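These are the residues of each chain, in order.
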Amino acid sequence: MKRIEIRDLYKRYKDYDGKTITLCGWARTVRDSKNIGFIELNDGNFKSCQIVVEREKLSNYEEIVKQNVGASFEVKGKLIVTPNAKQPFEVNADEVVVLGESATDYPLQKKGHTVEFLRSIPTIRARGNLFNAVFKIRSSAAFAIHRFFQDRNFVYLNTPIITSSDCEGAGQMFQVTTLDLDRVAKEGKVDYSKDFFGRKVAMTVSGQLHEEPITHAFGKTYTFGPTFRAENSNTTRHAAEFWMMEPEICFCDLDGLMDIEEEMVKYIINYIFEHCPDELLFLNNIVDKGLIERLKNVKDNDFVRLDYTEAIKMLEKVKDRFEFPVYWGVDLQSEHERYLTEQVYKKPVFLMNYPTEIKAFYMRQNDDGKTVAAVDLLVPGIGELCGGSQREERYDKLVARMNELGMKVEEYKYYTDLRRYGTNIHSGFGLGFERMVMYLTGIANIRDVELYPRTVGSLMY
Ligand code: 4AD
Ligand code: MG
C-alpha cells in the first residue's frame, strides 16, 4: 500500500494536480446526495481531505456512502486543485476500499461534544480536532525541549522511578510494595525487610536527587520523565501522574538559571509557532481567542524578576481581594500568583528568594538567614510553571538543615557526599510538562493534556 499522507499533500498539492494518488484514513463525515457523495477523510494529520465519490464510477457506491463516521478507507483517485473552494484541493475517487467499518455506537458521530464528555472517552477523543491538536502540540513541545537542551550540550539522563528518597520532603509519595497487605493487616505490623527491595520504597516525586550527582560527571544534564505525587489536590493543575523535565547545571547561579529558563520557554513557543501553526490557529479560534497574542507577547518580551519579599508587599496592599491571607512567610496561593502575573505584570514572573520554611531542604540558604535562593516561574493562566533553585553546595549548611527538618541524613549520604567531592555552585529547575502544554494550547484543565489522566479519585483503564 503506497499511500501519500494528507499533510504532505497540503505542502505540495500543486505538484499532484491531475495525478492519481492513494490515501488511507478514517471518515470524519460521510454525505450522500444520491449520485454523488463526499467523505471527509482524515489520516491522523490535522487537516482532512475531501473525497468525491460518484455513483456512475464506483460499483460499490452504496457500500461506501452508508459507512459511519470512523470507518477506515483506502482511496485511489485523481487530485484536483480547487482554487475557488474552501479546501485548496479534493480527490475524485476511482476506487474506494472500505477497510474497516465503524459500528453505530462510535462515540464521535457528531461534532461539538463537551470536553467533559470527551474526557470520558480517552481512547477515542484524539480522533477529533481538539485533542488531535493538543496531543500534536504535546509531542512537538517534547521534541523542542530535547532539541533545546541537546543543542546546548546537556546530557539526557533517565533517573529511576522507584526510589527510597522523598526529594521534595512533602511525604506525598505512592508507596510501591509486593507485601500482601491483607496479611500485614492481620499481623498488625509491617516487616519491610520482607518487601521486594528489602526496604520501604515509593514512586519518584522528582528525579533531582538522583540527577545532581550525575550532573557532576557531565556539567550539564536534564531528565524528562514520569513523576508521581499523591497530592490530595483536586484542581485543574494537579495530576497524580505527570511528566517533569529537570535541567541541572554546574557552575551556575540563580541568575544564570533564570536566563536558561526564559530562553527555554521562548524557544518552545517559537518551535510550536513554526511546527504547529494550524493547530495553534484552531485552538485560538475554538479554545482561547487570546492564545496566539499571549504567546507572541511572551516570546517577544523580557520576563519579570521579582523578590518574594517585594511581592508580599504588593499583595498586602490589595489583600482584601483574596480569599487566603497574605503575610511574609506564607506559601502563595494560586490566586496570589495569578494576581501578580495576570493583573500586575500581564506576563511571566520569576519569583525569587522565598522563605526557607516553605521550600525544600536542598535549596541554598541566603545570607539573610531566613530565605533561600529559590525561584518559581509563574505564568498567566497557569500559575507555577517551573520550580527551581540554586542548590546548597556547602556540606555543613546542607546537613544542618536536614537535621533541623528531622530527615534521616544517613539515607541521603549519596546526595550530601557530592558536597565533599568537588562541590560547586550549581542550580536546576523542574518544568511541569503538562502545565507547559496547557500554556501552549490554552487548555484550562490538566485532564485534557494527558492521554489517560490520573487524578485523585479517578483513573480510567
Ligand atoms: O516545584 P516542584 O515540586 O519542584 C521539584 O520537584 C524540584 N525537584 C524541581 C527541580 O528543581 N529539579 O515541581 C516542579 C514543577 C512545578 O513547577 C509544576 O509545574 C510541576 O512540576 N508539578 C506538577 N504538575 C502537575 N501535577 C502535579 N501534581 C505537579 N506537581 C508539580
Ligand atoms: Mg514548586
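Our structure is the block above this text.
Residues numbered from 1 in each chain as written. Chains lettered and ligands numbered in written order. Predicted model: local features only at pLDDT ≥ 70, side-chain atom pairs only at ≥ 80, totals over all residues. Heavy atoms only, no water.

Draft legend 1. Fine view of the overall build of the chain. The helix and strand inventory of the chain stands at 14 helices and 18 strands. In terms of principal-axis extent, the alpha carbons of the chain reach across some 85 × 60 × 45 Å. Considering the chain as a whole, with its 461 residues, one finds that 51% of them fall into the buried category. Across the chain, every contact between residues at least 6 apart in sequence was considered, and the portion connecting residues at least 24 apart equals 67%. Carbon and sulfur atoms form 50% of the exposed surface of the chain, whose accessible area is close to 22,300 Å². Looking at the chain, you have 62 positive and 69 negative side-chain charges, and the mean spots of the two groups are 3 Å apart. (Helix = DSSP H or I, 4+ residues; strand = E, 2+ residues; numbered from the N terminus. Buried < 20%, exposed > 50% of the residue type's maximum accessible area, 1.4 Å probe, protein only. Contact = heavy atoms within 4.5 Å. Areas by Shrake-Rupley, 256 points an atom, 1.4 Å probe, with all protein chains shown as cover. Lys, Arg positive; Asp, Glu negative; His and termini not counted. Charge placed at Lys NZ, Arg CZ, Asp CG, Glu CD.)

Draft legend 2. Molecular detail of helix H7 (residues 254–275). End to end, H7 covers 31 Å across 22 residues, agreeing with the expected 32 Å (1.5 Å per residue, within 8%). Counting buried positions over the 22 residues of H7 gives 16, a clear majority of the element. Where H7 begins, the side chain of Asp253 points an oxygen toward the backbone nitrogen of Asp255, at a separation of 3.3 Å. (Expected span 1.5 Å × (residues − 1). Polar contact = N/O pair within 3.5 Å; in protein donor to acceptor, adjacent residues only side chain to side chain.)

Draft legend 3. Highlighting the site of ligand 1. The environment of ligand 1 is made up of 25 residues, and the closest members are Glu168, Gln208, Glu231, Glu246 and Glu384. Within the contact set of ligand 1, a nitrogen atom lies 3.0 Å away from a backbone nitrogen or oxygen of Ala239. Within the backbone of Leu385, an N or O atom sits 2.9 Å from an oxygen atom of ligand 1. Out of a free accessible area of 630 Å², ligand 1 has 94% covered by protein chains. (Near = heavy atom within 4 Å.)

Draft legend 4. Region of the structure containing the nonpolar core. Counting residues in hydrophobic clusters, the biggest one holds 69 residues, and the most contacted among them are Phe149, Met245, Met264, Val265, Ile272 and Leu431. Dropping the residues within four chain positions of it, Leu431 is found in contact with Ile145, Trp243, Met244, Met245, Met264, Leu385, Cys386 and Met436. Within the second largest apolar cluster, 32 residues are counted, among which are Val205, Phe322, Ala374 and Tyr412. (Core = buried A, V, L, I, M, F, W, Y, C linked by side-chain atoms within 4.5 Å.)

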